[in-house]
Amino acid sequence: MTLKTEEANGIVQATILFQEGSVTNADQFKEEILGIIGKGTKLIVLNFKNVSYVDSSFLGSLVVALKYAISKGADIYLVELKADVHSLLHLIRIDKVFKIFKDYNEAIASLK
Amino acid sequence: MPNKLQKKILLVEDNPVMMKLMQMALTKENYTCLVADSAAAAIEILRKQIPDIILSDYEMPEMDGFAFRHALLKNPMWKDIPFVFLTAHSDETLILEGLNLNAIDYIVKGTPVSVIISKITNILVSLRTEHERSVQELRNAAESLNVKTTPTAAPELDKFTIDFWHRSFQNYPSGDFIDIIKVNERFCFVVMGDIMGKKWKAWFFTFGFLSYIRSAIRFCVLDKNFTIAEILEKVNSLVCIDESLSNILSSMSLLMLDNQTGYIHYSGAGDLPLVKYNTATGQITSFTSSGLLLGISQNGLYDDQLIEMEDGDQLLLFTDGLIDIIEDEHTKSDYHSFVEQISAYMGKKDSFSIISKEILQKITGDNQVDDASIIFIQKKIS
């Protein structure tokens, strides 16, 4: 298990449990996200508060999960990114494909 | 990357005295020690980080050592972590039961701590040797197929010199790729990419990407189309259409060196910003492209930038393996520190040799966390 999930009003709030997203957990993480989308969820708000490092294996899984979500008419928002992680996402322009918010409440407010 | 990767051991022990004793001895031997006083606490730790080996007590309240081992075997992320039982029993039936659960060894409590440490060290060394042997066999197989993802040498060019360096992660064939293609006397293309992922999974796909990239460059040259953003668009379209690459993404920097004007055209896909040293001003500037990683979307937003190179100017491109550092046992990515570190060596007569000596040669199996590649281009002084 790499995620702690909570569902409310069709939105799944998923908190990543590991500190380092890497080759050791990237596949499992992807399978769990695909599982949530497979159940028909239209929005996952993915909380990064525990994550202080991500490598390219993890980022690959994250983007593949987003591609799958989009193909199912769903979306993945990212929240509570630490500065280092946010900065890496920005450097390699992954921030252009994800909607990123400060926290869950801000993400939900954007829907209104 | 100054810090050595310490071996991480997870110690599961409900007796606080025994735990403290083991923890002190292991720390003294340069192990990073994670401690849990129950199987449940150990599982909580495993959710966050994966140790190199687990040393677990057998007799524990609630979930005992066997139940803990069963729980690990059910989880694909945990089942292959080397596991050693520590127990007060020397009962053969118990030992056999433990070994049947793929526990690597069984250590009876009361064994002197120094012997326990030696046993653990031996287990880790022999596992590493075995692992290296398997990787070497696979490398040999890859080499016999005569497929390479980095060139043997850079071509001679009128106006530029090119140096490159590459080191793969843990000696696996790499997911980074480099290619230098001199298409005619005027233009030379320099390609550097990083398949997202590690080890074999990444390496396997480098050939697919390289084939598309080489073809796209050749077709554009045949059509006399030298707009490199369009080349990148073509590569991206092919990658997006190809079903076998549907879950594979890659970063890529594409440069076209013009030996007539002395300028460099640049387009990038999710790559790290390039770093340029300007000889006249002594300033460092970076170039960020707008393009998305190859394989994300048909509309990759690729742009074409012109980098004006004057005599002596230097340009660096590198993959993310170089910016990852291990600090206080945690890994972090720090592009800006790396640029700051490397900037000190730019603008010298033999910058690349200094960078090699001061940074690249210090990267070893112990402190490297990903495939790492760098390309250094200098405009010759006419």
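Model, not experiment: these values are computed from the prediction.

Draft legend 1. Focus on the overall build of chain B. For chain B, the count of helices and strands is 9 helices and 17 strands. Seen through its C-alpha atoms, chain B measures out along the principal axes to roughly 80 × 45 × 35 Å. Residues counted as buried form 51% of the 382 residues belonging to chain B. Long-range contacts, defined as pairs at least 24 residues apart, comprise 68% of the intrachain contacts of chain B with a sequence gap of at least 6.

Draft legend 2. Focus on empty space enclosed by the protein. Applying the stated criterion to the full structure yields 1 cavity of 30 Å³ or more. Here the largest cavity is characterised by a volume of approximately 140 Å³. Residue lining of the largest cavity: 16 residues in total, with A:Ile92, B:Asp194, B:Ser251, B:Gly270 and B:Asp320 positioned closest to the centre. Mapped by element, the contributors of at least two residues to the lining of the largest cavity are β8 (187–195) and β9 (250–258) of chain B. By residue number, the principal contributor to the lining of the largest cavity is β8(B), which donates 3 residues.

Draft legend 3. Highlighting the pairing of strand β4 (residues 43–47) of chain A. Residue and element names in this part refer to chain A. With 5 of its 5 residues buried, β4 lies for the most part within the structure. Side chains of β4 alternate between two faces, with Leu43, Val45 and Asn47 and Ile44 and Leu46 buried alike. Sheet topology note: the strand β2 (residues 11–16)/β4 ladder contains 5 bridges and is parallel. Each residue of the ladder has a partner; that of Ile11, found in β4, is Leu43. Two strands pair when backbone bridges link them, and β4 and strand β6 (residues 75–79) are joined in this way by 5 bridges, in the parallel orientation. Following the sheet pairing, Val45 is matched in β6 by Tyr77.

Draft legend 4. Structural context of the environment of B:Thr32. As for its placement among the helices and strands, B:Thr32 is situated in strand β2 (residues 32–36). Classification of B:Thr32 as buried rests on a relative accessible area of 7%.

Draft legend 5. Quick look at helix α2 (residues 39–48) of chain B. Residues and elements named next belong to chain B. Of all the positions in α2, only Ala39, Ala42, Ile43, Ile45 and Leu46 are classed as buried. In a view along the axis of α2, the buried residues occupy a sector of 160 degrees, so they form one face of it. Lining the buried residues of α2 we find β1 (8–12), β2, β3 (53–57) and α3 (65–74).

Draft legend 6. Spatial organisation of unusual backbone geometry. Located in the positive-phi region is A:Asn9, a residue other than glycine, with phi close to 50 degrees. When you line up the elements, A:Asn9 lands in the loop between β1 (3–8) and β2. Phi is positive for B:Asn30, close to 75 degrees, though the residue is something other than glycine. One can find B:Asn30 in the loop between α1 (16–28) and β2. Residue class for B:Asn30 comes out partly exposed when judged on its relative accessible area of 41%.

Draft legend 7. The nonpolar core, seen in detail. Membership of the largest hydrophobic core comes to 60 residues, with the highest contact counts inside it found for A:Leu46, A:Phe48, A:Leu59, A:Ile76, B:Phe318 and B:Ile374. Considering each element in turn, this core owes the most residues, 8 residues, to helix α2 (residues 56–71) of chain A. Ignoring anything within four residues of it in the chain, the contact list for A:Phe48 reads A:Ile16, A:Phe58, A:Leu62, A:Leu78, A:Val79, A:Glu80, A:Leu81 and A:Val85. The next biggest cluster of nonpolar side chains, apart from the first, holds 30 residues, and it includes B:Ile217, B:Cys220, B:Ile228 and B:Met252.

Draft legend 8. Local environment of the interface of chain B and chain A. Taken together, the 41 residues of chain B in the interface contact 30 residues of chain A. Both sides together, the interface formed by chain B and chain A hides about 2,900 Å², and carbon and sulfur atoms give 55% of it. Broken down residue by residue, the surface that chain B buries against chain A is led by B:Arg47, B:Lys48 and B:Met77, which jointly contribute 19%. At the junction of chain B with chain A, the criterion picks out 1 salt bridge. Notably, a salt bridge pairs B:Asp271 with A:Arg93, separated by 2.7 Å at the nearest N-O pair. The tally of links from chain B across to chain A stands at 7 residue pairs in polar contact (both at pLDDT 80 or more).

Rules behind the numbers
Residue positions within a chain follow its written sequence, with the count starting from 1. Whichever chain is written first becomes A and whichever ligand is written first becomes 1, with later ones labelled in order. Given that the model is predicted, a residue must reach a pLDDT of at least 70 before its local features are reported, and side-chain atom pairs must reach 80 or more before they are shown or counted; all residues, however, enter totals for whole chains, interfaces and linings. Working from all heavy atoms in the structure, the side-chain values ignore hydrogens and water. Counting from the N terminus, the helices are the DSSP runs of H or I reaching at least four residues and the strands are the DSSP runs of E reaching at least two. Using a 1.4 Å probe on the protein chains alone, a residue whose accessible area is under 20% of its type maximum counts as buried, one over 50% counts as exposed, and one in between counts as partly exposed. Residues are treated as being in contact if the distance between any of their heavy atoms lies within 4.5 Å. Think of a 1 Å grid over just the protein atoms. A cavity is a set of points where a 1.4 Å probe fits yet cannot get out, a pocket is an open set with protein on both sides within 12 Å along at least five of seven lines, and lining residues have an atom within 4 Å of a point. Grid points are joined across faces, edges and corners, and a volume is the space filled by probe spheres set on the points. Only when DSSP finds a minimum of two bridges between them are two strands counted as paired. The reported arc concerns the directions from the helix axis to the C-beta atoms and nothing else. We define a nonpolar core as any set of buried Ala, Val, Leu, Ile, Met, Phe, Trp, Tyr and Cys residues linked to one another through side-chain atoms lying within 4.5 Å. The buried area of a pairing is the accessible area, by a 1.4 Å probe, that goes missing from both parts when the two are put together, added over both. Salt-bridge detection follows one rule: a side-chain nitrogen of Lys or Arg within 4 Å of a carboxyl oxygen of Asp or Glu. Think of a polar contact as two N or O atoms within 3.5 Å of one another; within protein, one of them needs to be a possible hydrogen donor and the other a possible acceptor, and neighboring residues in sequence only count if both atoms come from side chains.

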